[in-house]
Amino acid sequence: MAEAERYPLVVADSSALIALCGIGHVQLLEDLFERTIVPVEVWQELADKVDAPEPGLILPLRGLNVLPPRGPAPAEASTLGSGERSAIAIALEHPGAWLLVDELRARKIAGRLGLDVRGTLAVLVEAKRRGLVPAIGPLIERLSANGMWLGPALIAAALRTAGELPR
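Residues numbered from 1 in each chain as written. Predicted model: local features only at pLDDT ≥ 70, side-chain atom pairs only at ≥ 80, totals over all residues. Heavy atoms only, no water.

Draft legend 1. Layout of the overall build of the protein chain. Helix and strand content of the protein chain: nine helices and five strands. Each helix (α) and strand (β) of the protein chain, taken in turn from the N terminus, gives the series β-α-α-β-α-α-β-α-β-α-β-α-α-α. Taken against the 2.2 N^0.38 rule, which gives 15 Å for 167 residues, the C-alpha radius of gyration of the protein chain at 15 Å falls within 12% of a compact globule. Summed over its atoms, the accessible surface of the protein chain is roughly 8,100 Å², and 57% of this surface lies on carbon and sulfur atoms. Separation of charge centres in the protein chain, based on 17 positive and 20 negative side chains, amounts to 6 Å. (Helix = DSSP H or I, 4+ residues; strand = E, 2+ residues; numbered from the N terminus. Rg over C-alpha atoms; globule rule 2.2 N^0.38 Å. Areas by Shrake-Rupley, 256 points an atom, 1.4 Å probe, with all protein chains shown as cover. Lys, Arg positive; Asp, Glu negative; His and termini not counted. Charge placed at Lys NZ, Arg CZ, Asp CG, Glu CD.)

Right, here's the structure in full:
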């Protein structure tokens, strides 16, 4: 994929990074985005996991930056975990960035703050649209097998968007 076709920036939370690493497709972030920002707090969450494979899989990504937010997260995010708060704060510093987060409360708060909130399935749908993966159905099955809970309506919507279910 040519550089011009990639999105400028994604700010990634731990849940999506773990999910993409778990199905062997974290490189999609490199394929789809010029830069991937992982908040320091998220990186620490990943590094603190016993025998965590994620840091070793994420570190080679071209365009990776592990950064702290320049300022605090807004008060609306105070009930979230430190990684989610930092991801929201960094996304607010970069208008137009994708905020990649799967946790529902964080998604709702980020949406109310006007952020472009996407989840792991959005990455897979975009990868399919661009021909980076042949199908997302098997990847969704692997996400579920790895313990990611995805509701039937969400799965159906993603499959329809990807052209794998009739509209």
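Draft legend 2. Region of the structure containing the sheet that holds strand β4 (residues 98-100). With parallel pairing, five strands are arranged side by side in an open sheet as β3-β2-β1-β4-β5. Lying at the two open borders of the sheet, with one neighbouring strand each, are β3 (64-67) and β5 (116-118). Averaged over all neighbouring strand pairs, the angle between strand axes comes to 25°, with direction disregarded. In this fold helix α3 (residues 40-48) packs onto β1 (7-12), β2 (33-39) and β3, with an angle of close to 70° to the strand it touches most, β2. Each of β1, β4 and β5 touches helix α7 (residues 120-129); the most contacted strand, β4, lies at about 120° to it. (Pairing = 2+ DSSP bridges. Axes fitted to C-alpha atoms, helices over the stretch in contact; angles between N-to-C directions. Contact = heavy atoms within 4.5 Å.)

Draft legend 3. Expanded view of the nonpolar core. In this structure, Leu 17, Leu 29, Ile 58, Leu 124 and Ile 136 are the most contacted members of the largest nonpolar core, which totals 37 residues. Here Leu 124 is in contact with Leu 20, Ile 23, Leu 28, Val 133, Ile 136, Leu 139 and Leu 143, once residues within four sequence places are set aside. Counting residues in each nonpolar core, the second largest holds 17 residues, with Ile 90, Leu 99, Val 101 and Ala 110 among its members. (Core = buried A, V, L, I, M, F, W, Y, C linked by side-chain atoms within 4.5 Å. Buried < 20%, exposed > 50% of the residue type's maximum accessible area, 1.4 Å probe, protein only.)

Draft legend 4. Focus on helix α8 (residues 137-145). Of the residues making up α8, those classed as buried are Gly 137, Leu 139, Ile 140 and Leu 143. The buried side chains of α8 occupy one side of the element, clustering within an arc of 160° when seen end-on. Within α8, the exposed residues directed more than 90 degrees away from the buried face are Glu 141 and Ala 145. At the exit of α8 stands Gly 147, carrying a positive phi of roughly 105°. (Arc of directions from axis to C-beta.)

Draft legend 5. Region of the structure containing the packing of aromatic side chains. Summed over the entire model, instances satisfying the criterion amount to three aromatic pairs. Ring geometry for Tyr 7 against Phe 33: centres 5.7 Å apart, planes inclined by 35°, an arrangement best described as tilted. Linking Tyr 7 in strand β1 with Phe 33 in strand β2, this pair joins segments that are 26 residues apart in sequence. Looking at Phe 33, the relative accessible area reads 0%, which means it is buried. Ring centres 5.0 Å apart and planes at 75° place the aromatic pair Phe 33 and Trp 98 in the edge-to-face group. Placement of Phe 33 in strand β2 and of Trp 98 in strand β4 is noted, with a sequence separation of 65 residues between them. (Phe/Tyr/Trp six-rings, centres within 6.5 Å; stacked < 30°, edge-to-face > 60°.)

Draft legend 6. Spatial organisation of the environment of Val 101. Along the polypeptide, Val 101 turns up in the loop between β4 and α6 (104-112). Judged by relative accessible area, Val 101 falls into the buried class, the value being 3%. When the C-alpha atoms of Val 101 and Ile 58 are compared, they prove to be 16 Å apart, with 43 residues separating the residues in sequence. Among residues more than four places away in sequence, those in contact with Val 101 are Asp 13, Ser 15, Glu 84, Ala 106, Arg 107, Val 117, Arg 118 and Gly 119.

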